[in-house]
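Fold and contact review
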Amino acid sequence: MIADVRNGRSPAGAPVAVADVNCTIPCAAMDRVAADPLLMEITRAYLGYRPQQVKTRLYWSPVSDLPDDLRRENGQTIDFHSDIEPTSALYVFFYITAADRESGAHVAMARSHRVKSLPMVFSSSFQPEHRVLAHYGEASQVIIEGDAGFGFLEDPAAFHKVLPPQKAERRVLPSRYSSGMHICRGRRAERCG
């Protein structure tokens, strides 16, 4: 249970860097946020189509002094990366808890969703920080801080990462708006259940 995690470790001592909270039980509050008419209109305008699918999740990251290698091994995306999506998509994030540089703020590189260098295109979606900062410049790095309830949008093709929570836990509600198309078999894109 989340309440049993202390300093990033379960009672058995296993590292817990981030929990993808399984929201299998319908949640009216999450559904209202995901279906908000203004968010639907913003995503329609950005994507060029009315989203057919909205997937909402809840991520929780405890305060811990876990070393970076354990954070990476346990799913915390503390390194710059871009998401590879089969179709255009847009994420809408809401902080459930306040987030700043010491409590899991999200970091994004401005304009990185459009222009990538050839080494970035032809290598891993995870990139070393020095390469990302050299290509886009330090001034393009946006640390997204905000109180509980603060929201922001992100094209998943942009380079982004999370700062490890040091002083307060991080809880964030991301919703992915898309056409609902996924790569299901081979190279063919089709609508998946």
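Attention here is on the structure that accompanies the text. Bear in mind the structure is a predicted one, so any value in this text is a computation, not a measurement. (Residues numbered from 1 in each chain as written. Predicted model: local features only at pLDDT ≥ 70, side-chain atom pairs only at ≥ 80, totals over all residues. Heavy atoms only, no water.)

In terms of backbone geometry, most residues other than glycine have negative phi values and most peptide bonds are trans. Positive phi is not limited to glycine here, since N7 has a value of about 50 degrees. Within the element layout of this structure, N7 appears in the segment before β1 (19–21). Unusually for a residue other than glycine, R111 sits at a positive phi of about 65 degrees. Assignment of secondary structure puts R111 in the loop between β5 (106–109) and α4 (118–121). (Helix = DSSP H or I, 4+ residues; strand = E, 2+ residues; numbered from the N terminus.)

With 18 residues, the main nonpolar core has F80, Y95, M109, V132, Y136 and F159 as its most contacted residues. Discounting residues that sit within four places of it in the chain, F80 has contacts with V107, M109, S125, F126, Q127, E129, V132, Q141, F159, H160 and K161. (Core = buried A, V, L, I, M, F, W, Y, C linked by side-chain atoms within 4.5 Å. Buried < 20%, exposed > 50% of the residue type's maximum accessible area, 1.4 Å probe, protein only. Contact = heavy atoms within 4.5 Å.)

Before going further, it helps to examine the pattern of salt bridges. Tallied over the entire structure, the rule returns 7 salt bridges. Put simply, R44 and E41 hold a salt bridge, and the shortest N to O gap is 2.6 Å. Of this pair, R44 and E41 both sit in helix α2 (residues 37–47), 3 residues apart, which is roughly one turn of the helix. Classification of R44 by relative accessible area gives partly exposed; the value is 32%. Here R101 ties to E145 by a salt bridge, and the two come within 3.8 Å at their closest N and O atoms. Separated by 44 residues along the polypeptide, R101 in the loop between β4 (89–95) and β5 and E145 in the loop between β6 (141–144) and β7 (151–154) bring together distant segments of the chain. (Salt bridge = Lys/Arg side-chain N within 4 Å of Asp/Glu carboxyl O.)

Moving on to α2. Burial in α2 covers these residues: L39, M40, T43 and L47. When α2 is viewed along its axis, its buried side chains cluster within an angular range of 100 degrees and face the same direction. Looking at α2, the residues exposed on the side facing more than 90 degrees away from the buried face are P37, L38 and A45. Between the side-chain oxygen at the start of α2 and the backbone nitrogen of L38 there is a gap of 3.0 Å, and the oxygen is on D36. Positive backbone phi, at 85 degrees, marks G48, one or two positions downstream of α2. (Arc of directions from axis to C-beta. Polar contact = N/O pair within 3.5 Å; in protein donor to acceptor, adjacent residues only side chain to side chain.)

Glancing now at the sheet that holds β6. Across the sheet, which stays open at both edges, the 3 strands sit in the order β6-β5-β8 with antiparallel pairing between neighbours. Both outer strands of the open sheet, β6 and β8 (160–162), are each paired with one neighbouring strand and no more. Ignoring which end each strand starts from, the neighbouring axes of this sheet average 20 degrees apart. Taken together, the 4 bridges between β5 and β6 define a ladder with antiparallel strand orientation. Opposite M109, over in β6, you have Q141 as the bridge partner. Running at roughly 50 degrees to β5, helix α5 (residues 129–136) makes contact with β5, β6 and β8 of the sheet. (Pairing = 2+ DSSP bridges. Axes fitted to C-alpha atoms, helices over the stretch in contact; angles between N-to-C directions.)

On to the environment of S64, then. Residue position: S64 is located in the loop between β3 (58–61) and α3 (68–73). Placed 18 residues apart in sequence, S64 and S82 show a C-alpha to C-alpha distance of 25 Å. Residues contacting S64, with those up to four places away along its chain left out, are N7, G8, R71, P165 and Q166. A distance of 3.4 Å separates a polar side-chain atom of S64 from the backbone nitrogen of L66.

Inspection of every chain in the model, using the stated rule, returns 6 aromatic pairs. Aromatic side chains Y91 and F93 sit 5.9 Å apart centroid to centroid with 25 degrees between the ring planes, which places their arrangement in the stacked category. With a centroid separation of 6.3 Å and 35 degrees between ring planes, the pair formed by F150 and F152 is classed as tilted. Assessed through its relative accessible area of 35%, F150 is described here as partly exposed. Grouped by ring-pair contacts, the aromatic residues Y91, F93, Y95, F150 and F152 constitute a single cluster. (Phe/Tyr/Trp six-rings, centres within 6.5 Å; stacked < 30°, edge-to-face > 60°.)

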